[in-house]
Amino acid sequence: MLHGKRILLIVAGGIAAFKSLELIRRLRERGASVRCVLTDAGAKFVTPLSLQALSEDKVYGDMFSLTDESEMGHIQLSRDADLLVVAPATANILARMAGGLADDLAATVLLATDKPVLAAPAMNVRMWTHAATVANVETLKKRGVTFIGPNDGAMACNEHGPGRMSEPEEIVAAIEAMLVRERPLKGKRALVTSGPTREALDPVRYISNHSSGKQGHAIAAALAELGAEVTLVSGPVSVPDPRGVKVARVESADQMLAACLAAGSIDVAVCAAAVADWKAANPAAGKIKKKAGAAPPALELAPNPDILATLAKRGPKRPALVVGFAAETDNLVANAVDKRTRKGCDWIVANDVSPATGTFGGDRNTVHLVTSRGVESWPPLGKTDVATRLAARVALHFAEAGKAAAAE
Ligand code: CTP
């Protein structure tokens, strides 16, 4: 809930401005007060009157209006909020923010504020992927602006791709994640697997893969950030342990499974580890020696336990939400939909790991979230952003499940 929280909502000029009306309604429903700043371009899409009616507060637009300045200076306006939300955040306002302009009230307030800022971009796909916008977003992120979205999908301009503003409920979840001390996942226990596994051939050799653990570790951190009590079961990685997370270090898939089962009762399990599918059937107790003239040793493999499927099919001990990853190079979505059924999990985060994407070991990830409701494609995001978004979705899932249970 957002009781007592004050949101300053900056509505810029984009077709998605209509969603801001729903955003105000939802924020107020959750106890927040909302005050709006409407840019001139924004006023071409929604009227001050609609914003005023929904927010039940004055709508600010013109920096040079003396009445506004005497009643509420722009500095005061920016300080009198717990959070500034820019929705829709157009390419233009992002550029003005990145450039430090103060050419209207919205830009001035954003420049003057000492409060956190959340931006929900909405624009044509080409504008979003333009190098100028990409650079502006990077700059703003470095300065601490938090981003939610944009989502992928059909757009008002008849194009398809990333550029749609996040849905109001996603923005509300992101706002709660930023503001609510009473974290939405407080009281929930989460288990995350991360990194590769190493399957010993002998005491000095092993089979493994290129997983860096960056994505799994970021998910553990994001869930902890939302208040979950997180156990991270990690294979050998060089990324640092996330703060506020209990870490169990393992080597092999068998050890990873044992550590997962030892974690006790779990509400949400996210299996992001790249578990080796096979291990040596008979690992040698001592180092395998080369013998002059002899053929190389044959490698007999045995299957490893499937940790995700084991957790998802655990009967009464099954976590309420089980999330798997599908690393694919071809037929990404079809394979992921199939994998969701085969493994018995609730969600699959499908990621394209074809070499050109640089996903393995890199910092970015292009994912599709497969749930019982269908497939949602996310734009290419940093691994931290994927983690934040996934954690927000987990929080939303439990909030909805709680509401449904209360209604019964
Ligand atoms: N996984 C697991 N234990 C295994 C293998 C995989 O927990 N032994 C989990 C991964 O953490 C991931 C999901 O299962 O969440 C997908 O694994 P993946 O290896 O991509 O799928 P497979 O079932 O092995 O299918 P394929 O090899 O055909 O892609």
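Attention here is on the structure that accompanies the text. Model, not experiment: these values are computed from the prediction.

**Brief notes about helix 1 (residues 17–29)**
Then comes step 1: A rise of 1.5 Å per residue sets the reference length of helix 1, with its 13 residues, at 18 Å; its end C-alpha atoms lie 19 Å apart and thus fit the reference within 8%.
Then comes step 2: If you check which residues of helix 1 are buried, you get Ala-17, Lys-19, Ser-20, Leu-23, Ile-24 and Leu-27. Down the axis of helix 1, the sector holding all buried residues measures 155 degrees, keeping them to one side. Facing away from the buried side of helix 1 by over 90 degrees, the exposed positions are Phe-18 and Glu-29.
Then comes step 3: On the buried face of helix 1, the contacting elements are strand 1 (6–11), strand 2 (33–38), helix 2 (48–55), strand 4 (83–89) and helix 9 (168–179).
Then comes step 4: The first or second residue beyond helix 1 is Gly-31, which carries a positive phi of 100 degrees.

**A closer look at the site of the ligand**
Then comes step 1: Inspection of the region around the ligand gives 14 residues, with Cys-271, Ala-273, Pro-305, Leu-308 and Phe-325 positioned closest.
Then comes step 2: Leu-308 places a polar main-chain atom, nitrogen or oxygen, 2.8 Å from an oxygen atom of the ligand.
Then comes step 3: One of the side-chain N or O atoms of Lys-343 is found 2.9 Å from an oxygen atom in the ligand.
Then comes step 4: A total of 580 Å² of accessible area belongs to the ligand in isolation, and the protein chains cover 77% of it.
Then comes step 5: Of all the secondary-structure elements, those providing two or more residues to the shell around the ligand are helix 12 (307–312), strand 17 (321–328) and helix 13 (332–343).
Then comes step 6: Its residues assigned to classes, the shell around the ligand shows eight nonpolar, one polar and five charged.

**Observations regarding the nonpolar core**
Proteins that are soluble and globular tend to have nonpolar side chains buried together.
Then comes step 1: Membership of the largest hydrophobic core comes to 34 residues, with the highest contact counts inside it found for Ile-219, Leu-223, Val-230 and Val-270.
Then comes step 2: Elements represented by at least two residues in this core include exactly strand 9 (189–194), helix 10 (214–225), strand 12 (229–234), strand 14 (268–271), strand 17, strand 18 (347–352), strand 20 (367–371) and helix 14 (383–407).
Then comes step 3: For this core, the leading source of residues is helix 14, giving seven residues.
Then comes step 4: For Val-230, the contacting residues outside a window of four places in its chain are Ala-190, Val-192, Ala-220, Leu-223, Ala-224, Val-245 and Lys-246.
Then comes step 5: Residues Ile-7, Leu-9, Met-165 and Val-172 belong to the second largest nonpolar core, which totals 30 residues.

**With respect to unusual backbone geometry**
Then comes step 1: Ala-87 connects to Pro-88 through a cis peptide bond whose omega is 0 degrees.
Then comes step 2: The linkage connecting Gly-149 with the following residue, Pro-150, adopts the cis geometry, with an omega of 5 degrees.
Then comes step 3: Here Pro-150 shows up in the loop between strand 6 (146–147) and strand 7 (151–154).
Then comes step 4: Despite not being glycine, Glu-56 has its phi angle at roughly 55 degrees, a positive value.
Then comes step 5: On the secondary structure map, Glu-56 appears in the loop between helix 2 and strand 3 (59–60).
Then comes step 6: Residue class for Glu-56 comes out exposed when judged on its relative accessible area of 62%.

**A look at the pairing of strand 1**
Then comes step 1: Within strand 1, five of the six residues are buried, leaving the element largely enclosed by the surrounding structure.
Then comes step 2: Note that strand 1 and strand 2 share six bridges and pair parallel. Paired with Ile-10 across the strands is Val-37, a residue of strand 2.
Then comes step 3: Remark: the strand 1/helix 1/strand 2 crossover connection has right-handed handedness.
Then comes step 4: Bridge count between strand 1 and strand 4: four bridges; the pairing is parallel. Bridge assignment links Leu-9 to a residue of strand 4, and that residue is Val-85.

Rules of the game
The written sequence of each chain sets the order in which its residues are numbered from 1. Local features are withheld for residues below a pLDDT of 70 in this predicted model, meaning they are given only at 70 or higher, and side-chain atom pairs are given and counted only at 80 or more; totals for whole chains, interfaces and linings count all residues. Derived side-chain values reflect all non-hydrogen atoms in the structure, with water molecules and hydrogen atoms excluded from consideration. Counting from the N terminus, the helices are the DSSP runs of H or I reaching at least four residues and the strands are the DSSP runs of E reaching at least two. What a helix should span is 1.5 Å times the count of its residues minus one. Using a 1.4 Å probe on the protein chains alone, a residue whose accessible area is under 20% of its type maximum counts as buried, one over 50% counts as exposed, and one in between counts as partly exposed. What the arc covers is the set of directions going from the helix axis to the C-beta atoms. Throughout, a residue-residue contact means that at least one pair of heavy atoms, one from each residue, lies within 4.5 Å. Here a residue is considered near a molecule or strand provided that any single heavy atom belonging to it is located within 4 Å of it. N or O atoms closer than or at 3.5 Å make up a polar contact, with two conditions inside protein: a donor-capable atom paired with an acceptor-capable one, and, for residues adjacent in sequence, both atoms drawn from side chains. Calculation of accessible area relied on Shrake-Rupley with a 1.4 Å probe; when residues are assessed, cover is drawn exclusively from the protein chains displayed. Asp, Glu, Lys and Arg are counted as charged, while Ala, Val, Leu, Ile, Met, Phe, Trp, Tyr, Cys and Pro are counted as nonpolar; the rest, among them Gly, fall into the polar class. To form a nonpolar core, buried Ala, Val, Leu, Ile, Met, Phe, Trp, Tyr and Cys residues must be joined to one another through side-chain atoms within 4.5 Å. Here a strand pair is declared whenever DSSP counts at least two bridges between the two strands. Classification remark: right-handed applies to a crossover when, strands pointing away from the viewer, the course from the first strand over the helix to the second runs clockwise.

These results come straight from atomic positions and should not be treated as a statement about function.
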